[in-house]
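# A closer look at the structure
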Amino acid sequence: SEATATKVLPHLKYLKKPRFAWETYKIFVENYLAANDYDNALIYAKKAYNLKTSARRKTNALANIALVYMRQKHYKKAIKVYKKLTTYGYYGNKKKTNTFKDFELQDYAIMKNNIGICYADLGDSRALLYYQEALKIRLKLNDLSNLSHSYSGLSQFYLKSNLSLAKKYAKIAYKYSCKINAYSQKKNALKILIKSSRGNVLKKYCEIYIQFTDSVNKSQLTQKEQSANIKYNFKKNTTVSNFKKLE
């Protein structure tokens with residue numbers, strides 16, 4: 001957790017094994033990315049990369065640097081790093097020798113898909129090649145957690161040039177997002193279905209989208225109320241307990 005990592009941080013220089021420092025920096029990168037604090041995420045990603053550690057850890061740290069660049073919309077920088085990662089070094093050698101383990105191949109597909117996203121955001125048609133390569137790997141692995149990302153990317157790619165294809169891929173993206181009940185992926189797929197539909201079909205997807213967002217909002221409100229009740233009951237019980245002690 002971040003709290004544990006913060007406590008460990010001042011003591012990292014005394015640790016002989018760099019993997020503990022690497023894991024700590026990785027936690028900070030993930031937390032700063034989640035908070036959209038890309039400057040600090042980049043600082044800790046670079047700290048992790050500069051450690052004398054294994055080839056795989058160095059590669060993963062470099063992948064985090066590329067991800068930060070991507071979130072900062074420095075797409076050309078991100079592409080350069082991702083291409084280096086997927087062509088040379090740890091992942092490049094795994095690709096050449098066809099010695100990927102499944103989880104490594106999953107990471108490789110994420111990097112290829114991210115190159116596609118970067119090219120797409122730059123308005124570069126080369127995005128399609130990388131989307132297709134990532135999809136091929138994900139289908140081979142039956143990677144349910146990421147297949148909807150691939151189909152959403154393809155759908156977005158065809159949105160301006162081929163509405164029927166965009167709609168086809170959005171439907172598949174929605175199907176996979178429903179299988180794993182992924183909120184953001186469902187929402188994204190439904191948005192594309194709305195953009196690529198007309199007439200009664202458009203109305204249908206608008207109604208599904210409204211029902212979906214309403215149910216999520218109600219669920220979040222219920223969770224907040226439950227959390228507030230837990231806090232209230234805890235304070236109430238603590239107060240009663242303190243009064244009994246005074247008696």
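Rules of the game
- Residues numbered from 1 in each chain as written.
- Predicted model: local features only at pLDDT ≥ 70, side-chain atom pairs only at ≥ 80, totals over all residues.
- Heavy atoms only, no water.
- Core = buried A, V, L, I, M, F, W, Y, C linked by side-chain atoms within 4.5 Å.
- Buried < 20%, exposed > 50% of the residue type's maximum accessible area, 1.4 Å probe, protein only.
- Helix = DSSP H or I, 4+ residues; strand = E, 2+ residues; numbered from the N terminus.
- Contact = heavy atoms within 4.5 Å.
- Axes fitted to C-alpha atoms, helices over the stretch in contact; angles between N-to-C directions.
- Parallel < 35°, antiparallel > 145°, perpendicular 65-115°, else oblique.
- Left-handed = near helix turned anticlockwise from the far one by under 90°.
- Nonpolar A, V, L, I, M, F, W, Y, C, P; charged D, E, K, R; others polar.
- Expected span 1.5 Å × (residues − 1).
- Phe/Tyr/Trp six-rings, centres within 6.5 Å; stacked < 30°, edge-to-face > 60°.
- Lys NZ or Arg CZ within 6 Å of the ring centre and 35° of its normal.

## With respect to the nonpolar core
- In this structure, Tyr82, Leu85, Tyr151 and Leu154 are the most contacted members of the largest nonpolar core, which totals 60 residues.
- Top contributing element to this core by residue count: helix 4 (residues 55-71), with eight residues.
- If near-sequence neighbours (up to four positions away) are discounted, Leu85 is found in contact with Thr59, Leu62, Ala63, Tyr91, Gly92 and Met111.

## What to know about unusual backbone geometry
- One non-glycine residue, Lys73, lies in the positive phi region at around 70 degrees.
- Of note, Lys73 is situated in the loop between helix 4 and helix 5 (75-87).
- Since its relative accessible area comes to 61%, Lys73 is described here as exposed.
- You will see that Asn142, though not glycine, has its phi angle at about 55 degrees, which is positive.

## What about the packing of helix 4 against helix 5?
- Packing of helix 4 against helix 5 leaves a shortest axis separation of 7 Å and a crossing angle of 160 degrees. Relative to helix 5, the element helix 4 lies roughly antiparallel. For the element pair helix 4 and helix 5, the recorded crossing hand is left-handed. Mapping the contact onto sequence places Thr59, Leu62, Ala63, Ala66, Leu67, Tyr69 and Met70 in helix 4 and Tyr75, Lys77, Ala78, Val81, Tyr82, Lys84 and Leu85 in helix 5.
- In the contact of helix 4 with helix 5, the residues fall into 11 nonpolar, one polar and two charged.

## Looking at helix 2 (residues 18-34)
- In this model helix 2 runs 24 Å from its N-terminal to its C-terminal C-alpha over 17 residues, within 8% of the 24 Å that 1.5 Å per residue would give.
- In the segment just after helix 2, Asn36 is the residue with positive phi, at about 60 degrees.

## Observations regarding the side chain of Ser152
- Mapped onto the elements, Ser152 comes out in helix 9 (residues 144-158).
- On the basis of relative accessibility, which here comes to 8%, the residue Ser152 falls in the buried class.
- Sequence-distant contacts of Ser152, that is, excluding residues within four places in its chain, are made with Ala173, Asn188 and Ile192.

## Notes on the packing of aromatic side chains
- A full pass over the atoms with the stated rule returns 13 aromatic pairs.
- Centre to centre, the rings of Phe157 and Tyr158 are 5.2 Å apart; their planes meet at 90 degrees, and the pair counts as edge-to-face.
- With a relative accessible area of 25%, Phe157 lands in the partly exposed category.
- One Lys or Arg, Lys58, reaches over the ring of Tyr49 and ends 4.6 Å from the middle of that ring.
- Across from the ring centre of Tyr205, 4.7 Å away, lies the NZ or CZ of Lys204, which sits over that ring.

## Some remarks on helix 10 (residues 163-180)
- Taking 1.5 Å per residue, 18 residues should reach 26 Å; helix 10 reaches 26 Å between its end C-alpha atoms and fits that length.
- Three or more residues of helix 10 are buried, namely Ala166, Lys167, Tyr169, Ala170, Ala173, Tyr176 and Ser177.
- Residue Asn181 follows helix 10 closely and has a positive phi angle near 55 degrees.

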